[in-house]
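# Structural overview for review
For reference, the chains in residue letters:
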Amino acid sequence: MEAASSSKCGGPAVGIDLGTTYSCVAVWRHDRGEVIANDQGSRLTPSCVAFAGAERFVGDAAVNQAALNPCNTIFEMKRLIGRRFSDESVQEDMKLWPFKVIQGLEDRPTIVVRHDGVERQFVPEEISAMVLAKMRETAEVYLGKKVKNAVVTVPVYFSNSQRQATIDAGAIAGLNVMRIINEPTAAALAYGLEKVPVTNRGRTVLVFDLGGGTFDVSLLDANMGRFVVKATAGDTHLGGADFDNELVKHSLREFIRKHGLSDIKSNQKALRRLRTACERAKRMLSSMAETTIEVDSLHQGIDFRVTITRSRFEELNKHLFARCMGATESCLRDAGVDKNSVHDVVLVGGSTRIPKVRGMLGEFFGGKELCRSINPDEAVAYGAAIHASVLSGGSDDDRRRVDMILREFTPLSLGVEIRRDPSPTMSVVIPKNTAIPTKKVKNYCTRYDNQTGVLFAVYEGESASTKDNHLLGQFELSGIRPAPRGAARLEATFEIDANGVLNVSAENTDTGGKNSITITNHSGRLNKVEIERMALEAQNHRRKMKLIK
């Protein structure tokens, strides 16, 4: 890993954990990490944006008015960013969201709200940019300086398009995203700098990160302050919000059973209030054996009250908890490491406070004591701030130099489609869990006699069949000399940079003909003009708000 010079970056660099439900910002200075509190005094800011009349609210202010304005209160954008509208997960989430999501250009999910008396449309990158801008402003108030540079964290299993979309959101927010790093890696930095002894004997650390909307598990080797990720696994669609959803579904079934009013499912204000009550109950069940989900005048003037026990909550979510443990087993299997060889199990993310999760994890590791010495909500931002300090070369008042080697790995296999009966298959060029940055080359040949062109379709995924994997992009290599099948030799090169951005090129070794693609445009990624327009709109809004104040 090469650190950028401070002169190149300019100004303080911060670490931002852009979460599904909450976001957090931190900075490394004066030889220590500092998690920065927002204007409400909280170190966690809800990843929520609301539009009310001519005003726009971000964070706590947005949440506070959500029950009265559910259709214009936007949350969980991390579940939409970089995805297609037609994705099955998007279609499922839309059933539980009170706000309107439509199919935009190039199959982009597009959020529709009423703002300043007119209907407006936003893409997920714009909403996420509003949250990032809030984190930037929080840091600027605390530091008394302009902040332009940031390291932003993402889940391990974020695809290339989701990572690119996160970088775009940073650009719209006026940030230079110096690096995108995986959340468990950032958490390991936060934990490791304080806990890993500088000795010749390394430690194997498993980071179990269960947040509001995503789940990651990573296995790292920590030795002499150096970190190497051995394997990763996880789910970009598993977290606290899913546990809330199960409670909401249970509560709706109870309400309909008692009162027979199924039209409550279309009452967005009722659903928003019920979701808030369910989230509160989930938190209470982490410290109590029983609590009540209670909402006055939920629907058609009817009060709703249901008792929920911890055991019932665990039963409703047992399939989700099982997915967590399945991913943990997969991570160890991919690394070729026995669970008894793991020295430390580090808990990260607010959902790790759930007793059942801790119990299952402790039992899996034979009763091993789980590491809870760092705040699970803040560890990711803290680690990102450390990495930002390294990349910026430190500052005059920061005497600490962090000596580390940080290696990220590819979360999914990458390859090209090859035609084989009975169905197209994926030829893997870069296997899952390959250290990045990396460059791999693989040779192919023509399939038909006198073939003059070959379509290179680039996929990511773990299935042998391309129909079950994600298409990243495609390009054609033409100008091949007519020859018998298999005679023309084609060389495909896959190269991934430090941010996980993929470049694919192909060359006909006989003629020297080349073509390439940078995987930045699938799932309808914003182009440069759109990003600049959105960034300008965001700047104009900030100026307008300053004038009003």
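Sequence order sets the numbering: in each chain, residues are counted from 1 along the sequence as written. For a predicted model such as this one, the threshold for reporting local features is a pLDDT of at least 70, and the threshold for listing and counting side-chain atom pairs is 80 or more; totals across whole chains, interfaces and linings nevertheless cover every residue. Hydrogens are left out, water is left out, and the side-chain values use all remaining heavy atoms of the structure.

### A short note on the environment of Ser389
- A helix here means a DSSP run of H or I that spans at least four residues, while a strand means a run of E at least two residues long, and both kinds are numbered starting from the N terminus. Tracing the chain through its elements places Ser389 in helix H12 (residues 379-392).
- Spatially, the C-alpha atoms of Ser389 and Pro12 are 8.3 Å apart, while their sequence positions differ by 377 residues.

### Re the packing of helix H10 (residues 318-335) against helix H11 (residues 355-364)
- Axis geometry follows a simple rule: fit a line to the C-alpha atoms, using only the stretch in contact for helices, then measure angles between N-to-C directions, giving values from 0 to 180 degrees. It is the contact of H10 with H11, at a shortest axis distance of 10 Å, that shows an interaxial angle of 35 degrees. Once H10 is placed against H11, the crossing between them reads as right-handed. Residues Phe321, Ala322, Met325, Thr328, Glu329 and Leu332 of H10 form the contact with H11, whose participating residues are Lys356, Val357, Met360, Leu361 and Phe364.
- Classes in brief: Ala, Val, Leu, Ile, Met, Phe, Trp, Tyr, Cys and Pro nonpolar; Asp, Glu, Lys and Arg charged; the others, Gly included, polar. Of the residues assigned to the contact of H10 with H11, the class counts are 8 nonpolar, 1 polar and 2 charged. Each crossing gets its hand from how the near helix is turned against the far one by less than a right angle, where anticlockwise is left-handed and clockwise is right-handed. Any two residues whose heavy atoms approach within 4.5 Å are treated as being in contact.

### Focus on the packing of aromatic side chains
- We call Phe, Tyr and Trp rings a pair once their centres come within 6.5 Å, taking the six-membered ring for Trp, and we label the pair stacked below 30 degrees between planes, edge-to-face above 60, and tilted otherwise. In total, this model carries 10 aromatic pairs according to the counting rule given.
- With centroids separated by 5.0 Å and ring planes inclined at 85 degrees, the aromatic side chains of Phe364 and Phe365 adopt a geometry described as edge-to-face.
- On the basis of relative accessibility, which here comes to 6%, the residue Phe365 falls in the buried class.
- Should the NZ of a Lys or the CZ of an Arg lie within 6 Å of a ring centre and within 35 degrees of the ring normal, that charge is described as sitting over the ring. Above the face of the Phe75 ring, Arg272 is positioned so that its terminal group lies 4.8 Å from the ring centre.
- The lysine or arginine in question, Lys339, covers the ring of Phe364, its NZ or CZ lying 4.6 Å from the ring centre. Residue burial is assigned from relative accessible area. The probe radius is 1.4 Å, only protein chains are included, and a residue is buried under 20% of its type maximum, exposed over 50%, and partly exposed in between.

### A look at the environment of Leu347
- Structurally, the position occupied by Leu347 is in strand E18 (residues 344-348).
- Sequence separation between Leu347 and Ala187 is 160 residues; the distance between their C-alpha atoms is 9.1 Å.
- Apart from residues lying up to four places away in sequence, Leu347 is in contact with Phe208, Thr352, Arg358, Leu361, Leu370, Cys371, Arg372 and Pro376.

### Focus: the sheet that holds strand E9 (residues 109-115)
- Being paired, for any two strands, means DSSP has found at least two bridges between them. Read across the sheet, 3 strands follow the order E8-E9-E10 without closing on themselves; strand pairing throughout is antiparallel. Each edge of the open sheet is held by one strand with a lone partner, namely strand E8 (100-103) and strand E10 (118-122). In this sheet, neighbouring strand axes are inclined to one another by 40 degrees on average, regardless of whether the strands run parallel or antiparallel.
- Relative to E9, E8 runs antiparallel, the two sharing 4 bridges. Its bridge partner being in E9, Ile102 is matched across the sheet by Thr110.
- In the packing of helix H4 (residues 124-143) onto the sheet, contacts are made with E9 and E10, and the angle to E10 comes to roughly 90 degrees.

### So, the pattern of salt bridges
- A pair is scored as a salt bridge if a Lys or Arg side-chain nitrogen falls within 4 Å of a carboxyl oxygen belonging to Asp or Glu. Throughout the structure, instances matching the rule amount to 24 salt bridges.
- Residue Lys249 pairs with Glu246 through a salt bridge whose shortest N-O separation is 3.7 Å. Pair noted here: Lys249 and Glu246 are both in helix H7 (residues 240-259), with a separation of 3 residues, about one helical turn.
- Judged by its relative accessible area of 36%, Lys249 falls in the partly exposed class.
- The exposure class assigned to Glu246 is buried, which follows from its relative accessible area of 14%.
- Across the salt bridge formed by Glu254 and Arg257, the nearest N and O atoms sit 2.9 Å from each other. Taken together, the positions of Glu254 and Arg257, both in helix H7 and 3 residues apart, correspond to about one turn of that helix.
- Judged by its relative accessible area of 17%, Glu254 is buried.
- What emerges from the salt-bridge pattern is a single network uniting Arg29, Arg32 and Glu34.

### Concerning the sheet that holds strand E6 (residues 55-58)
- Here 3 strands make up an open sheet; going across it, the order is E6-E5-E7 and the pairing antiparallel. Looking at which strands have only one partner, the edges of the open sheet turn out to be E6 and strand E7 (73-75). Strand-to-strand twist in this sheet, taken as the mean axis angle between neighbours without regard to direction, amounts to 15 degrees.
- Sitting on the sheet, H4 touches strand E5 (48-52), E6 and E7, and the angle it makes with E5 is about 105 degrees.

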